[in-house]
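Fold and contact review
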Amino acid sequence: MAASSTPMRYQSFAMINSDDISYFKKILGERGVVQEEEKLDDANTDWMRKFKGSSRLMLQPKSSHEVSQILDYCNSRCLAVVPQGGNTGLVGGSVPVFDEVIINISSMNNILSFDKASGILVCEAGCILENLNSFLENEGYVMPLDLGAKGSCQIGGNVSTNAGGLRLIRYGSLHGSVLGLEVVLANGTVLDMLGTLRKDNTGYDLKHLFIGSEGSLGIVTKVSIHTPPKLSSVNLAFIACEDYTSCQKLFSKAKRKLGEILSAFEFLDTNAMNLVLEHLDGLRDPLPSSKHKFYILIETTGSMESHDKEKLESFLLQCMESGLLNDGVVAQDVNQASSFWRIREGISEALMKAGAVYKYDLSLPLEKMYDLVEEMRERLGTEANVVAYGHLGDGNLHLNISTPQYDDNILSKIEPFVYEWTSKQRGSISAEHGLGFMKANKIHYSKSTETVQLMGAIKKLLDPNGILNPYKVLPTSVLSQSGG
Ligand code: FAD
Ligand code: 2HG
Ligand code: ZN
């Protein structure tokens, strides 16, 4: 981890000793107590290989009761912990900063119930998103979220980051589809909020505190989620626009013309496209006749193939005639559709292969979104490759700046400029990835002092010793007042 951004280890936290190890072995057995170098190295290192802790211990509980016993003990000993799911987070939230005990939830991966009439799924937090989706597809349903990391990320991690992804435009955020949670608090209390009701206005809806709290308020152990039916007709178009204004107009038109069948509206610019084609094997440009400035994926999902296809094709034809789009192709089968999606979903991986990357995940007013990208290009000149893509339909820009290696001089040209720019637009400095370690001290760019103070008070109430994911989410100044 970059030394300049590393805080001091909080003195209030104890260090692991042999009695602790013996206790954990007693409650979890040998299997649940991981001390092997290689496994710890993986668990200490984040997906981007940018953040690295030095924990000597990873625990793998198999039940909520075990999580409760672990936290009760850690709280009484003042041992700091990091909850960890699939470790695909992009803000350094899922790995220790120092020697925090890693509590990995992967072994809690049972599906507990599925109601075929209502589409309500109840499962343990360690279930992998893609596995849940495969299970549901057999039952005629799908998960209401989908993202590039689906093969590794877990539903508990998705809930804890309030992950958005590729279909938020259609199915909404997890604040809407999660119906209930079981959460273990820092002192080991198991909070049963695992309702399966669509409607329940009895008092404060506390589950929302844990959705997006990035493991700083409790460990999510079970999730109840409302899933939509799998519809029979899915169509995907890969199209090209020559300017950003056309992309915006296309989006406004798509909402009106495609209406209820629109299920994704994603964009990538030419730099993102080039990067994917250069670094990922087996991918071809779907529109090879010429290079374009912007590419858009428009997906529709409905129940009547002939109607949906006709609707999409006549929409594209109209847009072509009015000059909004330059070229486009509709996937002819599922294989072609998945190769189109691979281009969009593979950008993060291609960026990793290209060298160092400075990652920003911003919510911005749609009409301003690409101005930032152009200003950034002007600031950095030929020093860096400024790559833009994201969930255009949600106003969410993924601004990634790629360079051969990390360079403090380049960083100083990017930050705080990028945060100040976003703040001036009343945007969000984290649209969907969370704050984690990377942006904990930047929260004030998007939240008022009073709001952050209240967050600190909630943290203190639920985790008075500050053992849960310290140094993350809230600024050090607030965390040190609230127990850390
Ligand atoms: P982890 O990475 O293990 O943890 C993430 C955070 O949640 C950490 O703070 C951790 O402490 C906490 N946590 C994990 N599990 C629990 C739990 N059970 N209880 C309490 N806290 C917990 N995000 C999006 O929003 N949209 C995308 O489109 C998207 N695409 C991605 C594509 C790729 C290729 C990658 C690598 C990441 C992407 N992400 C995306 C980032 C996203 O946050 C994660 O992929 C996912 O939601 C995290 O799940 P995880 O199980 O890997 O959690
Ligand atoms: C996506 O939408 C993810 O592909 C990852 O949120 C974005 O890597 C990124 O910046
Ligand atoms: Zn995203």
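Residues numbered from 1 in each chain as written. Chains lettered and ligands numbered in written order. Predicted model: local features only at pLDDT ≥ 70, side-chain atom pairs only at ≥ 80, totals over all residues. Heavy atoms only, no water.

A word on the overall build of the protein
In terms of helices and strands, the protein carries 18 helices and 16 strands. A compact globule built from 484 residues should have a C-alpha radius of gyration of about 23 Å, and the protein, at 23 Å, falls within 12% of that. In terms of its C-alpha atoms, the protein occupies a principal-axis envelope of roughly 70 × 55 × 45 Å. In the protein, which comprises 484 residues, the share counted as buried stands at 55%. A separation of at least 24 residues holds for 73% of the contacts in the protein among residues at least 6 apart in sequence. Separation between the mean location of the 46 positive side-chain charges and that of the 57 negative ones in the protein comes to 2 Å. (Helix = DSSP H or I, 4+ residues; strand = E, 2+ residues; numbered from the N terminus. Rg over C-alpha atoms; globule rule 2.2 N^0.38 Å. Buried < 20%, exposed > 50% of the residue type's maximum accessible area, 1.4 Å probe, protein only. Contact = heavy atoms within 4.5 Å. Lys, Arg positive; Asp, Glu negative; His and termini not counted. Charge placed at Lys NZ, Arg CZ, Asp CG, Glu CD.)

Considerations on the coordination of the zinc ion (ligand 3)
For the zinc ion (ligand 3), the full set of protein donor atoms is His-391 (NE2), His-398 (NE2) and Glu-432 (OE), at a range of 1.8 to 2.1 Å. Donor residues binding the zinc ion (ligand 3) come from one chain and are separated in sequence as H-x6-H-x33-E. Note on accessibility: His-391 and His-398 belong to one class, buried. (Donors = N, O, S within 2.8 Å, 3.2 Å for Na, K, Ca; no water.)

Description of helix α3 (residues 64-77)
Relative to the 20 Å expected for 14 residues at 1.5 Å per residue, α3 spans 20 Å between its end C-alpha atoms, a close match to the ideal helical length. Among the residues of α3, Ser-64, Glu-66, Val-67, Ser-68, Ile-70, Leu-71, Tyr-73, Cys-74 and Asn-75 are the ones counted as buried. One or two positions beyond α3, positive phi appears at Cys-78, with a value near 60°. (Expected span 1.5 Å × (residues − 1).)

Overview of the sheet that holds strand β5 (residues 111-115)
The strand order across the open sheet built from 5 strands is β5-β6-β9-β7-β8, with neighbouring strands paired in antiparallel fashion. In the strand order of this sheet, the two ends are held by β5 and β8 (190-193), each with one partner. Each adjacent strand pair in this sheet contributes to an overall mean axis angle of 10°, direction not counted. With 4 bridges connecting them, strand β7 (residues 178-184) and β8 associate as antiparallel partners. Residue pairing in the sheet places Val-183 in a bridge with Leu-191 of β8. (Pairing = 2+ DSSP bridges. Axes fitted to C-alpha atoms, helices over the stretch in contact; angles between N-to-C directions.)

Side note on a nonpolar patch on the surface
A grouping of Tyr-204, Leu-206 and Leu-209 is seen on the molecular surface, where their side chains present a nonpolar patch of about 340 Å² in accessible area. Inspection of the secondary structure puts Leu-206 in the loop between β8 and α8 (207-210). You can call Leu-206 partly exposed: its relative accessible area is 40%. (Patch = residues over 30% accessible without salt bridge, like charges linked within 9 Å, V, L, I, M, F, W, Y side chains within 5 Å. Areas by Shrake-Rupley, 256 points an atom, 1.4 Å probe, with all protein chains shown as cover. Salt bridge = Lys/Arg side-chain N within 4 Å of Asp/Glu carboxyl O.)

Considering the sheet that holds strand β1 (residues 33-34)
The mixed open sheet is built from 4 strands, whose spatial order is β1-β2-β4-β3. Whereas interior strands pair on both sides, the edge strands pair on one side only; in this sheet they are β1 and β3 (81-84). As judged from the 2 bridges shared by strand β2 (residues 58-59) and strand β4 (residues 101-104), these two strands associate in the parallel manner. For Met-58, the partnering residue across the bridge sits in β4 and is Ile-102.

Looking at the site of ligand 1
Inspection of the region around ligand 1 gives 34 residues, with Pro-83, Gly-85, Gly-86, Thr-88 and Gly-89 positioned closest. Here Ser-94 contributes a side-chain N or O atom positioned 3.5 Å from an oxygen atom of ligand 1. Val-220 places a main-chain nitrogen or oxygen 2.9 Å from a nitrogen atom of ligand 1. Secondary-structure elements contributing two or more residues to the shell around ligand 1 are β3, α5 (155-161) and β9 (219-226). A total of 5 residues in the shell around ligand 1 trace back to one element, the largest contributor, which is α5. Split into classes, the residues belonging to the shell around ligand 1 amount to 10 nonpolar, 22 polar and 2 charged. (Near = heavy atom within 4 Å. Polar contact = N/O pair within 3.5 Å; in protein donor to acceptor, adjacent residues only side chain to side chain. Nonpolar A, V, L, I, M, F, W, Y, C, P; charged D, E, K, R; others polar.)

Things to note about the packing of aromatic side chains
Considering all chains together, one arrives at 20 aromatic pairs under this definition. Relative to Tyr-73, the ring of Tyr-23 lies with its centre 4.2 Å away and its plane at 10°, an arrangement referred to as stacked. Residue Tyr-23 is found in helix α1 (residues 18-28), and its partner Tyr-73 is found in helix α3; the two are separated by 50 residues along the sequence. The exposure class of Tyr-23 is partly exposed, given its relative accessible area of 23%. Here Tyr-73 falls in the buried class, since its relative accessible area comes to 15%. Ring centres of Tyr-360 and Tyr-419 lie 5.8 Å apart, and the angle between their planes is 75°; on these two criteria the pair is classed as edge-to-face. Of this pair, Tyr-360 sits in strand β14 (residues 356-363) while Tyr-419 is found in helix α16 (residues 417-424), placing the two residues 59 residues apart along the sequence. The same class applies to Tyr-360 and to Tyr-419, which are both buried. By the ring-pair criterion, three or more aromatic residues cluster together here, those being Tyr-10, Phe-13, Phe-98 and Tyr-471. It is Arg-379 that lies over the ring of Phe-417; its NZ or CZ is 4.0 Å from the centre. (Phe/Tyr/Trp six-rings, centres within 6.5 Å; stacked < 30°, edge-to-face > 60°. Lys NZ or Arg CZ within 6 Å of the ring centre and 35° of its normal.)

So, the site of ligand 2
In the vicinity of ligand 2, the contacting residues are Leu-90, Arg-344, Ser-348, Lys-359, Tyr-389, His-391, His-398, Asn-400, Glu-432 and His-433. The contact in question runs from an oxygen atom of ligand 2 to an N or O atom on the side chain of His-391, over 3.0 Å. Glu-432 is positioned with one of its side-chain polar atoms (N or O) 2.9 Å from an oxygen atom of ligand 2. Considered on its own, ligand 2 offers 290 Å² of accessible surface; in the complex 87% of this is hidden by protein. Each residue belonging to the shell around ligand 2 can be placed in one class, and the counts come to 2 nonpolar, 5 polar and 3 charged.

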